[in-house]
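This is what each chain is made of:
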Amino acid sequence: MSNIESNKLNEIIEAITDRKGKKISLLNLNKIDTAPSDSFVICQGNSTSQVSSIADSIRERLQKNLDIKPYNYDGYKNSQWIIIDYGDIMVHVFLPEYREFYSLEDLWSDASITNLPDLD
């Protein structure tokens, strides 16, 4: 993992924890040829407003601290699942029931998965 990618991951994790995001999972996909990116960061919020707030925090923090804008993002209309595409890293912010339904960790189970402990 490059320093730039490592810095992005650290900023993303800080942004998630700043807004009390929970159940952060890091999926390393770089050994999977068909993966859309090198890494996924998956987390959840307890309400649509918290999901939006977490996604906003990620975008604002990376823009401010690393001068990095996402290539694209989607999901703000319903804020049940917001995806933010940074090319090498894709961030998924879910409501718990949508995270369970789409089960990205199971879909990409051949990835190396690291689950971070919740801070509280």
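Scroll up for the structure.
Reference entry: report on the structure contained in this document. These numbers were taken from a predicted model, which means no experiment stands behind them.

### With respect to the sheet that holds strand 6 (residues 112-115)
- In space, the six strands of this open sheet follow the order 3-4-5-2-1-6, with mixed pairing throughout. Each of the sheet's edge strands pairs with one partner strand only, and the pair in question is strand 3 (72-74) and strand 6. Between one strand and the next, the sheet's axes are offset by a mean angle of 15°, whatever the strand orientation.
- Of the pairings in the sheet, the one linking strand 3 to strand 4 (residues 81-85) comprises three bridges and is antiparallel in character. Each bridged residue has a counterpart across the sheet, and for asparagine 72 the counterpart in strand 4 is aspartate 85.

### Digging into the environment of asparagine 115
- Residue placement: asparagine 115 occurs in strand 6.
- Relative accessible area serves as the criterion here: at 54%, asparagine 115 is assigned to the exposed category.
- Apart from the residues lying within four places of it in its own chain, the contact partners of asparagine 115 are Ile24 and Ser25.
- Here serine 25 takes part through its side chain, which lies 2.6 Å from a polar atom of the side chain of asparagine 115.

### Some details on the pattern of salt bridges
- For the structure shown, the criterion picks out five salt bridges.
- A salt bridge links arginine 61 to aspartate 18, with the nearest nitrogen and oxygen atoms 2.8 Å apart. With arginine 61 in helix 2 (residues 48-66) and aspartate 18 in helix 1 (residues 3-18), this residue pair connects regions lying 43 residues apart in the sequence.
- In this structure aspartate 18 comes out as partly exposed when scored by relative accessible area, which is 43%.
- Between arginine 59 and aspartate 56 there is a salt bridge whose closest N-O contact spans 3.6 Å. In this pair, arginine 59 and aspartate 56 are both assigned in helix 2, three residues apart and thus about one turn of the helix distant.
- Residue arginine 59 is classed as partly exposed on the basis of its relative accessible area of 22%.
- Ionic contacts of the salt-bridge type, sharing partners, join the residues Glu11, Asp18 and Arg61 into one network.

### Comments concerning the pairing of strand 1 (residues 22-28)
- Judged by how many residues are buried, strand 1 sits mostly within the fold: five of seven residues are covered.
- Direction of pairing for strand 1 relative to strand 2 (residues 39-44): antiparallel, over a ladder of five bridges. Among the inter-strand pairings, serine 25 is bridged to a residue of strand 2, identified as isoleucine 42.
- Bridge count for strand 1 against strand 6 is four bridges, and the pairing is antiparallel. Bridged to leucine 26 within strand 6 is threonine 114.

### Topic: unusual backbone geometry
- If you check the backbone angles, lysine 23 has positive phi at about 50° while not being a glycine.
- Within the secondary structure, lysine 23 is located in strand 1.

The rules behind each value
Residues numbered from 1 in each chain as written. Predicted model: local features only at pLDDT ≥ 70, side-chain atom pairs only at ≥ 80, totals over all residues. Heavy atoms only, no water. Pairing = 2+ DSSP bridges. Helix = DSSP H or I, 4+ residues; strand = E, 2+ residues; numbered from the N terminus. Axes fitted to C-alpha atoms, helices over the stretch in contact; angles between N-to-C directions. Buried < 20%, exposed > 50% of the residue type's maximum accessible area, 1.4 Å probe, protein only. Contact = heavy atoms within 4.5 Å. Polar contact = N/O pair within 3.5 Å; in protein donor to acceptor, adjacent residues only side chain to side chain. Salt bridge = Lys/Arg side-chain N within 4 Å of Asp/Glu carboxyl O.

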